Amino acid sequence: MRKLTCLALFLMTLAGCGQSTPDELTIEDGYIRVPSPGASMAAAYLTLQGPTADRLVSAEIEGVGITELHTVHRDENGVMRMRPVEGYDLPAGGTVVLEPGGNHLMLMGITQPLEAGETRTATFTFESGVETVVELAVKDQQRGGGHNH
């Protein structure tokens, strides 16, 4: 009996050591960077996590005419350039990070000025049909990260 109890405790300990998988799709650490004065474009960043595989296929943000999914790549001349993509694949139990210098949301045709300290409602649509609505903070962040908007 003692061996069985030790084995059970050992297995419970191991179960607690692994990374936890979220029970549902989550969007965290999301923010919109304040655009340069006079600019009608900005970028947004966030972290996606989910228990099952899915694909982010679109985003809509309050006060923004067009929101595109973008990535940054190096062209044949070694210059870093942005380009739109069809979506971001989210692996089962995995994470996708949208960050400066990499994958990000490109906000174009801003119809309501973005000011630090406010929030904007964002709707994210996934290939599975799931729609998630979150509030994104607007932050005055330092420029950089490999590309300009």
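Being a predicted model, the structure only gives us computed values, none of them experimental.

Draft legend 1. Seen up close, the pattern of salt bridges. With the rule as written, the count across this model stands at three salt bridges. With a shortest N-O distance of 2.6 Å, R55 and D89 are connected by a salt bridge. In this pair, R55 sits in strand 3 (residues 54-61) while D89 sits in strand 6 (residues 88-90), placing the two residues 34 residues apart along the sequence. Using a relative accessible area of 54% as the deciding quantity, one classes D89 as exposed. Of the charged contacts in the structure, one is a salt bridge between D75 and R81, with a shortest N-O distance of 2.8 Å. The exposure class assigned to D75 is buried, which follows from its relative accessible area of 12%.

Draft legend 2. Structural detail: unusual backbone geometry. The phi dihedral of D29 is positive, around 55°, even though this residue is not glycine. Relative to the helices and strands, D29 is located in strand 1 (residues 26-33).

Each value, and the rule that gives it
Residues numbered from 1 in each chain as written. Predicted model: local features only at pLDDT ≥ 70, side-chain atom pairs only at ≥ 80, totals over all residues. Heavy atoms only, no water. Salt bridge = Lys/Arg side-chain N within 4 Å of Asp/Glu carboxyl O. Helix = DSSP H or I, 4+ residues; strand = E, 2+ residues; numbered from the N terminus. Buried < 20%, exposed > 50% of the residue type's maximum accessible area, 1.4 Å probe, protein only.

These figures capture arrangement, not role.
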